[in-house]
Amino acid sequence: MAKEENANKPDKDAQKSFKELVRNYFRYYCERSTIHCVRYLYDPRLHNVERLIWCALLVISVTLCGSFYLLLSDRFRAQKLQTVIDDPQYPVFFVQFPAVGVCTDNRINWSKLDEAKAQFLPANSSQELVEGFTTLVTYLETLRFDNFKYSNSELEDQNFEALEFVNISSLAFFLALRCEDIIEPSSCMWRQSSFDCCEYFALEKTEYGLCLVFNSELSEQSVQLKKRAGKDFYPRHNAKAGQSSGLNFNLILHKRFKRPASQATDNVYIMIKKPDQLTNAVFSLTPNTETYVTIRPQMTRTDESTRNIPAEHRNCHFTDEHEDFGTSDAPRRFSKSFLLSNCLNNCHESYLIKLCNCTLPIFFLINGKVEDCNAVSLRCISRHNDIFSYDKHLKEDDFFSASKPGMTCPCLVNCNVLEYYTSTTTLPLTGQNMYVCGQLSVLLFLLMAGITSRSASHQFFKVDVHYQVENMITYRTSLEFSSIDLIANLGGIFGLCLGASMVSGVELIYYLTVGFAMHLYDNSYYGLLRENLKQKWAKCLLYLRNGISHAHQQTEATEAMAKSQLRHPFNKRTNAW
């Protein structure tokens, strides 16, 4: 037993010396700490009650810091966004003037029907085939992706199987109204300077059919204009605002281009879109009117710091986050910025491919993965017209009792987006107005025919597209509470409650790690610790060899034998007789 007590004595000494070393080191840290209240915990000049007061103040301060930290961390994890004005006087000439599209409700030049028959039908075609072809052209005159006016039952009665060889897109391009058909040549003005209308109005595809578009960069004609003018000067820019400061042109619709008893109206649609955008919403213009299209551009930039936020939360996509619907080969042929601007168009095409297994190049980009729709496909388009005519929001059904079928597209705007907010003002056009504008020839014709007469062979439109202001407002979207804000607020709170700084935190870490290790080394604690570890390791090895168990059993057996022996009355007597 004495040996065991001697063996355990070094452990107790080591434990005692370690506690003493920790106590001395803590006193040493308190005397030198830059954190408030800590130096008073071991100040020998203070009474114990005073030390308890300072200790309570330190606990309260640390608790306040912890609670404030939890509040700030919750605010940081919320990842809220804020949009502020970045520049209230940003000149409009820094941004591109929008592309202006002109789309007629009647998409077919009916006067070219005989030429189309000669080009698309085989020689000596039967009367039935010619009539079927004429009916097909009739259906194309108001063909729009989002609104096909003919019912599926009506199309079922037509023998479209005999016209499967006709390429609908090529036929639509051939019969489309050209610039020289609807735009008055001498009426085009850009920044109060005349220009050749048909040189800058190019025929382009949109979801409203083929339209004439100014200042676009999508068609081959626009690409040539950009090469000739230079990428810095095309698409064009404009620095002025107000009437007649932008684009001016006149439209004349001839009755001979329209089929008798046609369902198409005499209205014209104006489309304002970005130069690299395929399609956008349209504004309807009625005949014999003067329309002022006022545009107010607005730009919003989103900080790169918001990339960690899900796109659905920030409601925008960066350029490299565009959606690929897997139904088109466009991602291999176009830039990511272009694909992001035309995400909705690609989504609409994916629905057409999924439901009808074909695509229409008059509405969408050329797609090498699927075949073009033919005359028979018009039945499928009519059958699913209720889906194609409605863009459906992801969470829309949660707010309506009866869900409406439609296209659900996960498309968001560009995080660095330029929007053109548009408003129109339409006034009736009189003969005096046209005379003032210099349209004397048109005036004489309309006066002779009667401008208000429904039997007039011409419909006249005057269009003025201009900016509303010369300086626009740009916005910037960023995190309401970023990581820098979190660090700054935490530093302020720790400084307010504890009088601490980042250096104080580094000091505390140093004293808990390197400083404490050096303190133990200076007091020769590691040698004593090494001896204790050796003794524990030797005892562990002895236990693994079963030595401790045998010794314990042998000791118990010896004690039992000693207890079981009978004691002789004279065994302990030295002077036994």
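Residues numbered from 1 in each chain as written. Predicted model: local features only at pLDDT ≥ 70, side-chain atom pairs only at ≥ 80, totals over all residues. Heavy atoms only, no water.

Quick look at the overall build of the protein chain now. Across its full length, the protein chain holds 22 helices and 17 strands. For the protein chain, buried positions account for 42% of its 577 residues. Sequence separation of at least 24 residues holds for 73% of the intrachain contacts in the protein chain that already meet a minimum separation of 6. Of the roughly 32700 Å² of accessible surface on the protein chain, 55% is carried by carbon and sulfur atoms. (Helix = DSSP H or I, 4+ residues; strand = E, 2+ residues; numbered from the N terminus. Buried < 20%, exposed > 50% of the residue type's maximum accessible area, 1.4 Å probe, protein only. Contact = heavy atoms within 4.5 Å. Areas by Shrake-Rupley, 256 points an atom, 1.4 Å probe, with all protein chains shown as cover.)

Moving on, we come to the packing of aromatic side chains. Inspection of every chain in the model, using the stated rule, returns 25 aromatic pairs. Each ring, one from Y90 and one from F94, has its centre 5.3 Å from the other, and the planes form 40°; the classification is tilted. For Y90, a relative accessible area of 16% corresponds to the buried category. Seen in terms of ring centroids, Y139 and Y150 are 4.5 Å apart; in terms of plane orientation they differ by 65°. Their pairing is edge-to-face. With a gap of 11 residues between them, Y139 in helix 4 (residues 127-140) and Y150 in the loop between helix 4 and helix 5 (152-156) connect regions that are remote in the sequence. Across the pair, Y150 and Y139 agree in class, each one buried. An aromatic cluster of three or more residues is present, and its members are F97, W190, F195, Y200, F201, F214, F249 and Y467. When the ring centre of F174 is taken as origin, the NZ or CZ atom of K112, which lies over that ring, is 4.5 Å away. Of note, R301 hangs over the ring of Y90, and the distance from its end group to the ring centre comes to 5.6 Å. (Phe/Tyr/Trp six-rings, centres within 6.5 Å; stacked < 30°, edge-to-face > 60°. Lys NZ or Arg CZ within 6 Å of the ring centre and 35° of its normal.)

According to the stated counting rule, one finds 17 salt bridges in the structure shown. For D266, the salt bridge identified is with K258, shortest N-O distance 2.9 Å. Across the pair R314 and E321 runs a salt bridge, and its minimum N-O distance is 2.3 Å. Since its relative accessible area comes to 7%, R314 is described here as buried. Through salt bridges with shared partners, a single ionic network connects K255, K258 and D266. (Salt bridge = Lys/Arg side-chain N within 4 Å of Asp/Glu carboxyl O.)

Tallied over the full model, the rule gives 8 disulfides. Across the disulfide, C347 is cross-linked to C409 (sulfur-sulfur distance 2.0 Å). Of note, the bridge from C347 to C409 carries an S-S torsion of about -90° and is left-handed in sense. Separated by 62 residues along the polypeptide, C347 in helix 13 (residues 343-356) and C409 in the loop between strand 13 (407-408) and strand 14 (413-414) bring together distant segments of the chain. As far as burial versus exposure is concerned, C347 and C409 are alike and both buried. Lacking any disulfide linkage, C65 is separated from the closest cysteine sulfur, that of C497, by 4.0 Å. Overall, the relative accessible area of 18% leaves C497 in the buried class. (Disulfide = S-S within 2.5 Å.)

Packing of helix 3 (residues 113-120) against helix 4 brings their axes to within 11 Å, and their N-to-C directions diverge by 120°. Accordingly, the angle class assigned to the pair helix 3 and helix 4 is oblique. Helix 3 and helix 4 meet at a crossing whose hand is right-handed. Facing L113, A116, K117 and F120 of helix 3, the residues of helix 4 in contact are V130, F133, T134 and V137. Class assignment of the residues belonging to the contact of helix 3 with helix 4 gives a composition of 6 nonpolar, 1 polar and 1 charged. (Axes fitted to C-alpha atoms, helices over the stretch in contact; angles between N-to-C directions. Parallel < 35°, antiparallel > 145°, perpendicular 65-115°, else oblique. Left-handed = near helix turned anticlockwise from the far one by under 90°. Nonpolar A, V, L, I, M, F, W, Y, C, P; charged D, E, K, R; others polar.)

Taking 1.5 Å per residue, 20 residues should reach 28 Å; helix 21 (residues 525-544) reaches 29 Å between its end C-alpha atoms and fits that length. In the stretch just after helix 21, N546 is the one whose phi turns positive, near 70°. (Expected span 1.5 Å × (residues − 1).)

What follows concerns the nonpolar core. In this structure, F133, L163 and L171 are the most contacted members of the largest nonpolar core, which totals 46 residues. At the level of elements, helix 3, helix 4, helix 6 (168-175), helix 13, helix 14 (377-383) and helix 15 (385-388) are the ones that each hand at least two residues to this core. Element by element, the count of residues in this core is highest for helix 4, at 7 residues. In contact with L163, not counting residues within four places along its chain, are L121, L129, G132, F133, L136 and A375. (Core = buried A, V, L, I, M, F, W, Y, C linked by side-chain atoms within 4.5 Å.)

Within the secondary structure layout, H519 lies in helix 20 (residues 514-522). Look at H519 and you get buried, because its relative accessible area is 17%. In terms of polar contacts, H519 uses its side chain to reach the backbone carbonyl oxygen of L21, at 3.3 Å. Apart from the residues within four sequence positions on either side, H519 is in contact with L21 and Y25. (Polar contact = N/O pair within 3.5 Å; in protein donor to acceptor, adjacent residues only side chain to side chain.)

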